[in-house]
Amino acid sequence: MWSRNKLTERLKLEFPIFQAPMAKFTTPELAAAVSNAGGLGALGMWGLSAEDVITRIEGFREQSSGSLNVNYPLWKAPGDLTGVGLPMRECVQKLYDEKKLGPIPTPSASPGKLDPEHLEVLIEVKPEVISFHFGLPDQKIVDELKAAGIYILCSATTVSEAKFLEASGVDCVIAQGIEAGGHRGTFSDVDISMQSGLFSLLPQVVDAVNLPVIAAGGISDGRTMAAALMLGASGVLVGTAFLRCGEAKVPDAHRLALSNAQEASTILTNLISGVHARFIKNRLIEELQKPGVKPLPFPAQYSLTLPLGETGDKEFTDLLSGQSVALTREMSAADLVHTLAEETGKCLNSF
Ligand SMILES: Cc1cc2nc3c(=O)[nH]c(=O)nc-3n(C[C@H](O)[C@H](O)[C@H](O)COP(=O)(O)O)c2cc1C
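Residues numbered from 1 in each chain as written. Predicted model: local features only at pLDDT ≥ 70, side-chain atom pairs only at ≥ 80, totals over all residues. Heavy atoms only, no water.

1. Notes on the nonpolar core
Most often, soluble globular proteins keep nonpolar side chains buried together rather than apart.
Then, number 1: Counting residues in hydrophobic clusters, the biggest one holds 111 residues, and the most contacted among them are Y72, L114, F132, L145 and F242.
Then, number 2: Of all the elements, helix α14 (residues 333-349) adds the most residues to this core, at six residues.
Then, number 3: Here this core spans two domains, since at least three of its residues come from each of domain 1 (6-76 + 112-245 + 329-349) and domain 2 (78-110 + 266-320). (Core = buried A, V, L, I, M, F, W, Y, C linked by side-chain atoms within 4.5 Å. Buried < 20%, exposed > 50% of the residue type's maximum accessible area, 1.4 Å probe, protein only. Helix = DSSP H or I, 4+ residues; strand = E, 2+ residues; numbered from the N terminus. Domains from an automatic or database assignment.)

2. Some thoughts on the sheet that holds strand β4 (residues 129-133)
Then, number 1: Ordered by their spatial adjacency, eight strands build an open sheet running β1-β9-β8-β6-β5-β4-β3-β2, and the pairing between neighbours is parallel. The sheet terminates laterally at β1 (17-19) and β2 (41-44), the two strands that pair on one side only. Neighbouring strand axes in the sheet, compared pairwise and without regard to direction, differ in orientation by 25 degrees on average.
Then, number 2: Relative to strand β6 (residues 172-176), strand β5 (residues 151-156) runs parallel, the two being bridged by four bridges. Of the residues in β6, the one forming a bridge with S155 is I174.
Then, number 3: With respect to the sheet, helix α3 (residues 50-63) is in contact with β2 and β3 (68-73), its orientation differing from that of β3 by roughly 160 degrees. (Pairing = 2+ DSSP bridges. Axes fitted to C-alpha atoms, helices over the stretch in contact; angles between N-to-C directions. Contact = heavy atoms within 4.5 Å.)

3. Some points on the side chain of S303
Then, number 1: Structurally, the position occupied by S303 is in helix α13 (residues 300-309).
Then, number 2: Given a relative accessible area of 19%, S303 falls into the buried group.
Then, number 3: Looking at S303, its side chain comes within polar contact range of the main-chain nitrogen of S108, at 3.2 Å.
Then, number 4: With residues up to four places along the chain from it excluded, the contact list for S303 reads Y96, P105, P107 and S108. (Polar contact = N/O pair within 3.5 Å; in protein donor to acceptor, adjacent residues only side chain to side chain.)

4. Considering the domain arrangement of the protein chain
Many analyses report the size of an interface as the accessible area lost when the parts associate.
Then, number 1: If you check the domain split of the protein chain, you get domain 1 (6-76 + 112-245 + 329-349) and domain 2 (78-110 + 266-320).
Then, number 2: The distance between the C-alpha centroids of domain 1 and domain 2 comes to 28 Å.
Then, number 3: Of the residues lining the interface, 15 residues belong to domain 1; the matching set on domain 2 comes to twelve residues.
Then, number 4: Between the two partners, domain 1 and domain 2, sit zero salt bridges.
Then, number 5: At the surface where domain 1 touches domain 2, the tally comes to six residue pairs in polar contact (both at pLDDT 80 or more). (Salt bridge = Lys/Arg side-chain N within 4 Å of Asp/Glu carboxyl O.)

5. What about the environment of V250?
Then, number 1: Tracing the backbone shows V250 in the loop between α10 (240-243) and α11 (252-260).
Then, number 2: Counting along the chain gives 142 residues from V250 to S108, while the straight-line C-alpha distance between them is 24 Å.
Then, number 3: Those residues in contact with V250, other than ones at most four positions away along the chain, are F25, L243, R255 and L258.

6. Section: the site of the ligand
Then, number 1: Close contacts around the ligand come from 23 residues, with P21, N71, G218, G239 and T240 the closest.
Then, number 2: One nitrogen or oxygen atom from the side chain of H133 is found 3.2 Å from an oxygen atom belonging to the ligand.
Then, number 3: Considered on its own, the ligand offers 590 Å² of accessible surface; in the complex 97% of this is hidden by protein.
Then, number 4: Elements that contribute at least two residues to the shell around the ligand include exactly β3, β9 (235-238) and α10. (Near = heavy atom within 4 Å. Areas by Shrake-Rupley, 256 points an atom, 1.4 Å probe, with all protein chains shown as cover.)

7. Remarks on unusual backbone geometry
Then, number 1: For the bond running from F298 to P299, omega is -10 degrees, close enough to zero to count as cis.
Then, number 2: Secondary-structure assignment places P299 in the loop between α12 (283-288) and α13.
Then, number 3: The backbone of K126 shows a phi angle near 50 degrees, a positive value even though the residue is not glycine.
Then, number 4: Assignment of secondary structure puts K126 in the loop between α5 (116-125) and β4.
Then, number 5: On the basis of relative accessible area, K126 is assigned to the partly exposed category, the value being 42%.
Then, number 6: Residue F134 is not a glycine yet carries a positive backbone phi of 65 degrees.
Then, number 7: Structurally, F134 is set in the loop between β4 and α6 (139-147).
Then, number 8: On the basis of relative accessible area, F134 is assigned to the buried category, the value being 14%.

So, in structure tokens, the structure goes:
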């Protein structure tokens, strides 16, 4: 049976379908609906406190007894920002003036971390899976989580990152192709222009590591999911397609942009947050693409750009999205899991 393998057995899943953890967009309702439908639901914990982590996990547990993936993107806070990025600040101020938002805020940024308080919570609450983005925490933390029986995933955008993750004891690698929506999970110094699409990256990662590999980037229907399985993936991580589900917390402007997007609507840029991520291109990005105007260090750039999106104008909102957005469909999360499974089965059985 195509839908069962060691990974699905280990995580008690009916289908090898992993809903991508997408920060604030992923609600307990969404994760629970996916897990109840036989996939793996996920909650993004982007920069959240340990208390918020507990609340979100409890919200999931109230609605599902299935497995859960809890996600930590990790980053260091940038140093002193005094006087940094003045041309960018001037450029953003013009947009604030246009939207009558007053003076831009003083740029700020806190770290994305898994500190001892988080660790205590995680060991106690024990989500079945913890996934990392932008690399791993200290080895001691990885070892403690594993010793507690938690299954560890982490994104890799190159073969050497995947090999590093294997050597660090990760249980399963997510191969994130360049098509993917959201931030690149890159944690090495590989240049963005040299990163691979999933069709190239996935089989090379599968060959390089002795671990199950999950494919991420552009998976939106049965054809793309079947192709990933044919290339050696043990599962697929689906982000943008789940943004179209009612259970995801997506502002109206962002939903509208997703439903109107085409094959060439997205762009990889560091101008919104400070590191590269894929967005639907809009006026905000065009206005910031000026010679000599560089973003502030991640994630301080977000402290300047995100308030513009709070106006509700889609031309000024951060419209995270993958390249296959035009292949995605509006439906409930349970329907999406079942549709993907049915279409994939048909594709694989037609050989
Ligand atoms: C809106 C959005 C937010 C995301 N936020 C996160 C995140 O917080 N943590 C993470 O590990 N990955 C995040 N990602 C990346 C996904 O994990 C995944 O790599 C990507 O969605 C797969 O490509 P697709 O969007 O084409 O399906 C995000 C993706 C999107 C679209």
